[in-house]
Amino acid sequence: FRDYFVAGGRMTTPLLVCSLVSTYYGLDVLLGGSEVGYQEGVVSWFWYARPYYIGLLLTAFLLVGKLRSRDFLSLPDVADAAYGKGTRAVVAVASFFYSLPLFALMGTGVLLDVVMGLPFVWGVLIGAVISLAYTLMGGLMADAFTDTVQFTLMCVTLGVAAVLALDRVGGVDALPALLPPSYFDPQGPYPIPVVLVFATGALAGFVEPGIYQRIFAARSKRAIIAALAIGLVLWSSYDWITALLGMAAKAAGLEVEPRYALLTLVVDTL
């Protein structure tokens, strides 16, 4: 079970980087971040994304050492050690529902709709069946290997998309002339209390079941801390590029449903 659930504690830093980055920054962030960029501008990066980096840093430096000092396998194990069996059961059920990749599956539905013309519901079902099949057959290590392929694809394709799509509108420097000034206000159209509410979402990092699983699957404490540090650089880059591409879609004059903005811009540009 340890091999199946936490890869026998053998995951190295490169594998952890690929697994963490692709798990938490998939189609949901790609479409969600660009949607906010398309509608509201750089607030997508400043107040939706950046607080998560602080939460991940605190997780790395405050929790990793304590979690790895015990023979835990999951977040419910931690709850059991601190609060007993009743809390363990509640946390286990909550973790299950929290970890369901609903937004990622919706992203798959959107992607297959735009690229292949499949109905949204069919795209979601296809993505769910494929993901479920390889995870059930191979556990966390199988998921990590497929994550590595996905990580490579997401970095390469987003990089190419950024170069071509931003060139189409004249580059980043051309955006201020094509968009309202509010798009470049870090606070966006929101009062401070509202953006602080957005920022509190970053507290989820302290009880993120998937991150706990990677902490327990890491070969060493050093491996997981290094992976989180490298991941922060990649996550911040990914967030910034998706926000810019959403803004570029607006600057290009594309009138589409906001969550379709980035994919429509890229397909149209290609």
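Residues numbered from 1 in each chain as written. Predicted model: local features only at pLDDT ≥ 70, side-chain atom pairs only at ≥ 80, totals over all residues. Heavy atoms only, no water.

A. Broad picture of the overall build of the protein chain. Each helix and strand counted, the protein chain has 13 helices and zero strands in total. Element order for the protein chain, N to C, with α for helix and β for strand: α-α-α-α-α-α-α-α-α-α-α-α-α. Here the C-alpha atoms of the protein chain give a radius of gyration of 19 Å, agreeing with the 18 Å that 2.2 N^0.38 yields for 270 residues. A principal-axis box enclosing the C-alpha atoms of the protein chain has dimensions of 55 × 40 × 30 Å. Residue pairs at least 24 apart in sequence account for 79% of intrachain contacts in the protein chain once pairs closer than 6 positions are excluded. (Helix = DSSP H or I, 4+ residues; strand = E, 2+ residues; numbered from the N terminus. Rg over C-alpha atoms; globule rule 2.2 N^0.38 Å. Contact = heavy atoms within 4.5 Å.)

B. Spatial organisation of the packing of aromatic side chains. By the definition in use, this model includes eight aromatic pairs. Ring geometry for Tyr212 and Phe216: centres 6.3 Å apart, planes at 70°, overall edge-to-face. Taken together, the residues span about one helical turn, with Tyr212 and Phe216 both in helix α11 (residues 209-217) at a distance of four residues. Comparing Tyr212 with Phe216 shows no difference in burial state: the two are buried. One aromatic cluster is present, formed by Trp45, Phe46 and Trp240 through successive ring pairs. Taking the ring centre of Tyr38 as reference, the NZ or CZ of Lys250 above it sits at 4.9 Å. One residue, Arg259, lies across the ring of Phe120, its end atom 5.3 Å from the ring centre. (Phe/Tyr/Trp six-rings, centres within 6.5 Å; stacked < 30°, edge-to-face > 60°. Buried < 20%, exposed > 50% of the residue type's maximum accessible area, 1.4 Å probe, protein only. Lys NZ or Arg CZ within 6 Å of the ring centre and 35° of its normal.)

C. How the structure looks around the packing of helix α2 (residues 13-24) against α11. Close contact between α2 and α11 brings their axes to 11 Å; oriented N to C, the two are set at 175°. As summarised for this structure, α2 and α11 are arranged roughly antiparallel, according to the angle between their axes. Residues Leu16, Ser19, Leu20, Thr23 and Tyr24 of α2 touch α11, and the partners they reach there are Gly210, Ile211 and Arg214. (Axes fitted to C-alpha atoms, helices over the stretch in contact; angles between N-to-C directions. Parallel < 35°, antiparallel > 145°, perpendicular 65-115°, else oblique.)

D. Structural context of the packing of helix α4 (residues 43-68) against helix α10 (residues 192-200). One can describe the packing of α4 onto α10 by two numbers: an axis separation of 8 Å at closest approach and a directional angle of 40°. Once α4 is placed against α10, the crossing between them reads as right-handed. On α10, the residues touching Trp47, Tyr48 and Pro51 of α4 are Val195, Leu196, Phe198 and Ala199. (Left-handed = near helix turned anticlockwise from the far one by under 90°.)

E. Looking closely at the environment of Tyr238. Note that Tyr238 resides in helix α12 (residues 221-251). Overall, Tyr238 belongs to the buried group, its relative accessible area being 8%. Considering only alpha carbons, one finds Tyr238 and Phe96, 142 residues apart in sequence, at a separation of 27 Å.

F. Expanded view of the environment of Ile211. Looking at the secondary structure, you find Ile211 in helix α11. Taking the relative accessible area as the measure of exposure, Ile211 reaches 3% and is therefore buried. Between the C-alpha atoms of Ile211 and Arg88, which are 123 residues apart in sequence, the distance is 17 Å. Non-local contacts of Ile211, meaning those with residues more than four positions away in its chain, are made with Leu20, Tyr24, Leu56 and Thr59.

G. Representation of the layout of surface pockets. Taken as a whole, the second largest pocket spans an internal volume of roughly 150 Å³. Every element with two or more residues in the lining of the second largest pocket is listed here: α4 and α5 (75-83). Per element, the largest residue contribution to the lining of the second largest pocket is four residues, and it comes from α5. A breakdown of the residues in the lining of the second largest pocket according to their chemical character gives eight nonpolar, one polar and one charged. (1 Å grid on protein atoms, 1.4 Å probe; cavity = no way out; pocket = protein on both sides within 12 Å on 5 of 7 lines; lining within 4 Å. Points joined across faces, edges and corners; volume = space filled by probe spheres on them. Nonpolar A, V, L, I, M, F, W, Y, C, P; charged D, E, K, R; others polar.)

H. View of unusual backbone geometry. Here the phi dihedral of Ala7 falls at roughly 55°; this positive angle occurs in a residue that is not glycine. Examined against the element boundaries, Ala7 turns out to sit in the loop between α1 (2-6) and α2. For Ala7, a relative accessible area of 0% puts it in the buried group.

I. Looking closely at helix α7 (residues 102-116). Look at α7: 21 Å from first C-alpha to last across 15 residues, which is about the 21 Å you get at 1.5 Å a residue. Burial in α7 covers these residues: Leu105, Gly107, Thr108, Gly109, Val110 and Leu112. Of the surrounding secondary structure, the elements contacted by the buried residues of α7 are α3 (27-40), α8 (120-168) and α13 (261-269). The positive-phi residue at the C-terminal boundary of α7 is Gly117, with phi of around 75°. (Expected span 1.5 Å × (residues − 1).)

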